[in-house]
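# Coordinate analysis (summary)
Listed here are the chains, written in short residue letters.
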Amino acid sequence: MCFQSYALFPHMSVWNNISFGLKMQKISQQEQKKRVSKVMGMLGIEGLEKRKPGELSGGQQQRVALARAIVTEPQVLLFDEPLSNLDAKLRVQVRVEIREMQKRLGITTIYVTHDQDEALAISDRIVVMNRGHIEQLGDPYTIYRNPETSFVAGFIGLANIYEGTIVARDGSRYTVEAPFGKVVIVSDGQKIPEASKTVKFVWRPEDMKIYTQGAPNRVKGKILQAVFMGNITDIFMDVQGNKMRAQIDESRKLITGDVIEFSIPEDAFSILRR
Amino acid sequence: MKEKEISPIDILMLLSGVGFILLFIGFAIFLTLFQSFGLFSITRKSAFTLENWKAVLQAKEPMDSLFFSLKMGLLSSIGTVVVAFPIALFFRKGGTGKGILGSIIKVPLFIPALVAAFLILNLIAYHGLVNTTLMLLNLIHEPLRMLNDKFGWGVVFIQIWKNLPFVLLIVMASLAAIRDDTIDAAKNLGAGYWSVFFRMYVPLAMPGILVSMILMFIRAFGDFPITSVAGPIYPASMAVRMHIMATVFQEWDQAAVLGVIIIVTTFMVIWAYSRLAEFVKREV
């Protein structure tokens, strides 16, 4: 297990920390030496053997904790938010290293995190849990593109979540009467209730496009706040009294009070179970 | 950051604490040292002499007392820590009834040493409660000599009983500083109960253990009330011998020599323990 706080043994050197599990398993001294040297090399922490955890940086401590966890070659590895104590840049770097190392060693790994980017970047499969219950299980793409519940939609990524009534159906295309107007949703194999039933649906802010002639699902709103973030502009807007969020790659400067028209692709929607 | 210069006001404020130590404790130590060499003598004319030291160092009794006191200091300090550590470990985590139990165990802390000695005396005396019970249970046929025994086990027993809560407080504080996830990590890596105990709890609580041992040693080594009540007839402890030397034999200067030996031994033990603490910190 790799702990959130690293849980390194403060009174032991890096070498003794890493070899602790091997000592407990009564592995021979020679084998201990071989395995510890190997993982230290793998994680790039050679030369730190004699240092105590208190003399290491956060990133080094993280690597020692990782080395200690993998040196015993466990069948399953559990990471409990291992990167939460690192700064943003180091977090990205170490998570790539963890992913690479996990692939190389082939150890089944359960990785607990509250960081959605981390979850998406590091996983083959994600289990989204809420109050001890599984909300959804799937690969990162499915979890992000087709969330099944409003909790998953809101937890992984940003989301516009609304409720509406199905007023018409044309094959796999459904027309839903939403508080901000009618929208057409393409079901994409999802189970959609019969007409006149209320449905909850979601779409991502980055799916919203500046409206062009003929584009579907046209929504017109007033900008409440536009936050320029370099590569995108994060827009908080009011659409007929409803709050909506859009993220667009827009070169012109948008200011509060501007009226802007968006369209939402029909296949951008996901119907939610609850 | 620029260091602030010490102003006369700062010195004045320090005087209440440091001044007291310098004036009374420092003065007393130096006076004892001078008296051991015949200076500022209470009973004789003040003159430098090595006779007091010769008399004490050449006699058998003071040396026996020194070794007895060293033995009591060492055994009491080790014994108290050995008894206190598992109890502190038990109290490390809260639980039903542990609060009340913790309060009860601290009772000896508030009982004066002399009273404590008399209390225990009733228990372990030749015709005390322990011997009577053991006799009634037919476990022994004649009472055991636990009090005023030649080795000093009675003294060690009372020292442990009396100072247990004091050591417990220090060791508990050390154990409380150990993070739960450190222990969990050790268990997760396959450490069993004894491995966790000896490889985690003991070394991580070592600073507290060493401080407890130093303080316990000083208490037991210089103890007067407990050894005077429960100690052997011979040898007397250093403190008891010092008392006898001064009040019975009226050899105040030789008593001062014993006083200096107590002080020097104490300092030497503190130095040795601090070196040991450094070693433990470096090596464990």
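Because the structure is predicted, anything quoted here is derived from the model rather than measured.

### Regarding the overall build of chain A
From N to C terminus, chain A includes seven helices and 14 strands. Expected size for 274 residues packed as a compact globule is a radius of gyration near 19 Å; at 25 Å, chain A overshoots this value by more than 25%. Seen through its principal axes, chain A has C-alpha atoms that stretch 75 × 40 × 30 Å. A burial count over chain A gives 31% of its 274 residues as buried. Intrachain contacts of chain A at a sequence separation of at least 6 include 61% that bridge at least 24 residues.

### What about the domain arrangement of chain A?
Frequently, the measure chosen for interface size is the accessible area that the parts lose on association. As far as domains go, chain A holds domain 1 (14-124) and domain 2 (160-272). A C-alpha centroid distance of 43 Å is found between domain 1 of chain A and domain 2 of chain A.

### With respect to the interface of chain B and chain A
Listed by partner, the interface residues are twelve residues for chain B and eleven residues for chain A. Partitioning the side of chain B that touches chain A into residue classes produces six nonpolar, four polar and two charged.

### Observations regarding unusual backbone geometry
For the bond from Tyr234 of chain B to Pro235 of chain B, the omega torsion is -5°, close enough to zero to count as cis. Structurally, Pro235 of chain B can be placed in the loop between α11 (225-230) and α12 (238-248). A positive phi angle, close to 75°, is found at Tyr6 of chain A, a residue other than glycine.

### Considerations on the sheet that holds strand β5 (residues 160-170) of chain A
Residue and element names in this part refer to chain A. With antiparallel pairing, five strands are arranged side by side in an open sheet as β7-β6-β5-β8-β14. Edge strands, defined here as strands with exactly one partner in the open sheet, are β7 (181-186) and β14 (270-272). Along the sheet, successive strands turn relative to each other by an average axial angle of 45°, direction set aside. Bridge count for β5 against strand β6 (residues 173-178) is five bridges, and the pairing is antiparallel. Following the sheet pairing, Ala168 is matched in β6 by Thr175.

### Some words on the nonpolar core
Ala67 of chain A together with Val171 of chain B are the most contacted members of the largest nonpolar core, which has 97 residues in total. A per-element tally of this core places helix α7 (residues 153-176) of chain B first, with eleven residues. If you count residues domain by domain, this core takes at least three from each of domain 1 (14-124) and domain 2 (160-272) of chain A. Setting aside anything within four residues of it in sequence, one finds Val171 of chain B in contact with Ala84, Phe85, Ala88, Ala205, Gly208, Ile209 and Ser212 of chain B.

### Description of α7 of chain B
Because the α-helix completes a turn every 3.6 residues, residues three or four places apart line up on one side. Along α7 of chain B, the sharpest kink reaches roughly 50°, centred on Asn163 of chain B and followed within four residues by the proline Pro165 of chain B. In terms of burial, α7 of chain B is largely enclosed, as 17 of its 24 residues are buried.

The rules behind each value
Residues numbered from 1 in each chain as written. Chains lettered and ligands numbered in written order. Predicted model: local features only at pLDDT ≥ 70, side-chain atom pairs only at ≥ 80, totals over all residues. Helix = DSSP H or I, 4+ residues; strand = E, 2+ residues; numbered from the N terminus. Rg over C-alpha atoms; globule rule 2.2 N^0.38 Å. Buried ≥ 20, exposed ≤ 12 C-beta atoms within 10 Å, placed from the backbone. Contact = placed C-beta atoms within 7 Å. Domains from an automatic or database assignment. Nonpolar A, V, L, I, M, F, W, Y, C, P; charged D, E, K, R; others polar. Pairing = 2+ DSSP bridges. Axes fitted to C-alpha atoms, helices over the stretch in contact; angles between N-to-C directions. Core = buried A, V, L, I, M, F, W, Y, C linked by C-beta atoms within 7 Å. Bend = angle between axes of the 7 residues up to and from the residue.

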